[in-house]
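Report on the structure
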Amino acid sequence: MASVDQTMSDGHHGPARGITRWLYTTNHKDIGTLYLLFSLLMFFIGGCMALTIRAELFQPGLQMVMPEFFNQMTTMHGLIMVFGAVMPAFVGLANWMIPIMVGAPDMALPRMNNWSFWILPFAFTMMLSTLLMEGGGPNFGWTFYAPLSTTYAPPSVTFFIFAVHMMGISSIMGAINVIATILNMRAPGMKLMQMPLFVWTWLITAFLLIAVMPVLAGVVTMMLMDIHFGTSFFDAAGGGDPVLFQHVFWFFGHPEVYIMILPAFGVVSEIIPTFARKRLFGYASMVYATASIAFLSFIVWAHHMFTVGMPLAGELFFMFTTMLIAVPTGVKVFNWIATMFRGSMTFETPMLFALAFVVLFTIGGFSGLMLSIAPADFQYHDTYFVVAHFHYVLVPGSVFSIMAAAYYWLPKWTGHMYNESMGKLHFWLSFIGVNITFFPMHFLGLAGMPRRIPDYALQFADFNMVATVGAFIFGFSQLLFVYNVVCCIRSGKQATDEVWEGSRGLEWQLSSPPPYHSYSTPPTAEQLSKASH
Amino acid sequence: MQQSPSNHRPLLLRLTLLTVLMFGFGFLLVPLYDVFCQITGLNGKVLNTGPVTEVGVDTERRIRVQFIAVNNEAMPWQFAPVERELTVYPGEMKHTAYRVTNPSVRFMVGQAVPSVAPSEAAEYLHKVNCFCFENQPLQAGETKDMPLLFTVDAALPEHISTITLSYTLFDITPKAQPAATRLPKDSRRML
């Protein structure tokens, strides 16, 4: 382990003390930790909102909250989970792992890295504060369609717009940093096609972020101008068009959903080979599949709006391009299965989460295929079927992969093993909870229950009750995760450098926990070949 | 490949440029969307206005043209077509009108925005003269017939036998008040 003891000379003896360590830090590991903790906090805030929604929907009729507040809850739950929980969690993983995985001493732009994190608490404080303002917070759905978000919006919408601007700036800076690190700071001798798949998926994700976050900034700027400066981008009275909003929004929105899933593909592609004790099957095809998915994400956006009155040619174009996405995604799923085929598998917590990811994400993919059929979508549109679909790809998809990544790398980050039995309990409760919550929503949607409503017809009562029970199981079992992480940091048993028997990759050649400054001298050719995929 | 920060500069410049370009592209989508809709006739957005040379009337076909009037929210005017439906031959010039009454006690200005369904028919419905071309000032209590002169193109696809022309009436008094004549230039696109 040539890399273990690198802290001598040059005055860098480790982190500063106290709060300023976290405020001023430019260390990728510190910033990664900050991102991960922030996203965990947001996950619980968004989760409380989800439980408020589910509690209200436990029975038909209005019991807990008023419809106005219910609308704010659905809106904020979506915004917090997308922009506050899932995206920062992946940026945190990128910060922690990418420099180590490519053998770089730190991110390419450490000061900008600090800035992109510290924008986030301000952005989300501003966004959450709208809930306390007169007229309430955003109540127009996370997709903030005009004119609901312009003409009919509560006065707090301006704060929402600025919050979106800030988190957009943060994401773009984070993405630029990731690209610069990957392209400029790889260890000498590491070719692009030798990078770990997590690094590859993040490189592609970063380009998606740079391509679409500015479009999101553009669309909220148009809203701002419509609301305050008398323009009419989305106002038909002044010659604008509300359907334009949906086109511009989904031009951002569809790549955005891949921003939330591509790094998950990367995580799973790291974990499955480790616990199957085999190399990843079809490395090159994985890279090309990821790139194809990223490309296709730009030409499918209108499948979110089949019912706005598009001409037949448009419906067909977006229907077929959407179905086409199933091909590269299928390549990935089959590669994961082929990786496990005849491997000597063990089922530690990260592997369980990764396996659940493969199965449940595929279910979400299939319901996506059903939704991609334009004539069928006319029935499914804006029903709970859509809710079931995107929660299947986001919760047991993105969130499970983040959990898997956390358990997988936690011993490396902290130097301690987590409690395996508690991890497994967390997994099984989450797995059962997720399915009890979201599977009945398919049936509700097919039976015609609309989404974003606080009350519903009596025939939907039973499945809603089941879903609410599942949601509380899932929600409260996440506390086990927090407890496990705290125990792991404080008193877990010492982890080895390799941590897992089948682990490869440069990160496992560092000590656990890694030194504050790692790979100050680049890894040797020998280390690289040992780590190569 | 350990690099000093200055070596990141070319890449950073390119990535920042990409960010700025994509921000601009977001705004470029606005005119692109209008152009796209006008070329393809989607969304009923067609500017088939002005004089049309009358080619022969096709008496073999009869097309039903239905008229719909919708008030935008907060628009108090009574607004209705004089004739709810007309049967026309393709190529034939027809004249009809919409009747508006301003029941309020103040001077108001309205503007009607048309939409054609099915959108495929939009480019075949030529409005030679339409009240929607200009804004409509009405004194308190005044009633007016707003004229509409149109023709259906003989090239209308065979399978279309009914065209619905819908007008949504907007209250543009606040915008028109300073100088009612300024409005045509102000509004982003005249219909």
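The structure reproduced in this document is the subject of the present report. Here the structure is a predicted model, which is why all the values come from computation and not from measurement.

Reading guide: rules and limits
- Numbers given to residues run from 1 along each chain, matching the order in which its sequence is written.
- Whichever chain is written first is A, and whichever ligand is written first is 1; the rest continue in order.
- Thresholds applied to this predicted model are a pLDDT of at least 70 for local features of residues and 80 or more for the giving and counting of side-chain atom pairs; totals over whole chains, interfaces and linings are not thresholded and use all residues.
- Water and hydrogen atoms play no part in the side-chain values, which are based on all heavy atoms of the structure.
- Secondary structure elements follow DSSP: runs of H or I of four or more residues count as helices, runs of E of two or more count as strands, with numbering from the N terminus.
- Accessibility here uses a 1.4 Å probe with only protein chains present; expressed as a share of the type maximum, an area under 20% marks a residue as buried, one over 50% as exposed, and anything in between as partly exposed.
- Note on contacts: a residue pair qualifies if any of its non-hydrogen atoms lie within 4.5 Å across the two residues.
- Note on areas: Shrake-Rupley with a 1.4 Å probe; residue coverage comes only from the protein chains shown.
- Buried area: the sum, over both parts, of the accessible surface (1.4 Å probe) that disappears when the two are put together.
- Salt bridges, as used here, are contacts in which a Lys or Arg side-chain nitrogen is within 4 Å of a carboxyl oxygen on Asp or Glu.
- In the analysis that follows, any N or O atom pair within 3.5 Å is treated as a polar contact, provided that within protein one partner can donate a hydrogen and the other can accept it, and provided that, for residues neighboring in sequence, both atoms belong to side chains.
- Polarity classes work like this: nonpolar for Ala, Val, Leu, Ile, Met, Phe, Trp, Tyr, Cys and Pro, charged for Asp, Glu, Lys and Arg, and polar for all others, with Gly in that last group.
- Put simply, two rings from Phe, Tyr or Trp (the six-membered ring, in Trp's case) pair if the centres are within 6.5 Å, and we call them stacked under 30 degrees between planes, edge-to-face over 60, tilted for the rest.

Quick look at the overall build of chain B
For chain B, the helix and strand inventory stands at three helices and nine strands. When the helices and strands of chain B are listed from N to C terminus, the series reads α-β-β-β-β-β-β-β-β-β-α-α. Considering chain B as a whole, with its 191 residues, one finds that 42% of them fall into the buried category. Pairs at least 24 residues apart make up 75% of the contacts formed inside chain B by residues separated by at least 6 positions. For chain B, the exposed area adds up to about 9,900 Å²; of that, 58% sits on carbon and sulfur atoms.

Some remarks on the interface of chain A and chain B
Across the contact, 41 residues belong to chain A and 30 residues belong to chain B. If you sort the residues of chain A by the area they bury against chain B, Asn 184, Ala 237 and Leu 244 of chain A come out on top, with a joint share of 17%. Our count for the contact surface shared by chain A and chain B stands at zero salt bridges. Linking chain A with chain B are two residue pairs in polar contact (both at pLDDT 80 or more). Where the side of chain A that touches chain B is concerned, the elements lending two or more residues are α5 (157-184), α6 (197-228) and α7 (242-259) of chain A. At ten residues, the largest contribution of residues to the side of chain A that touches chain B is made by α6 of chain A. Residue classes in the side of chain A that touches chain B are distributed as 28 nonpolar, ten polar and three charged.

A short note on the packing of aromatic side chains
Ring pairs (aromatic) are described by centroid distance and by the angle formed between their planes. Residue and element names in this part refer to chain A. Following the criterion strictly, the structure yields 58 aromatic pairs over all chains and no others. Taken together, a centroid distance of 5.0 Å and an interplanar angle of 80 degrees make the contact between Phe 117 and Trp 118 edge-to-face. Centroid distance Tyr 408 to Trp 508: 5.2 Å. Interplanar angle 70 degrees. Geometry classified as edge-to-face. Residue Tyr 408 is located in helix α14 (residues 384-414), and its partner Trp 508 is located in the loop between α16 (461-491) and α17 (525-531); the two are separated by 100 residues in the primary sequence. Grouping residues by exposure puts Tyr 408 and Trp 508 together as buried.

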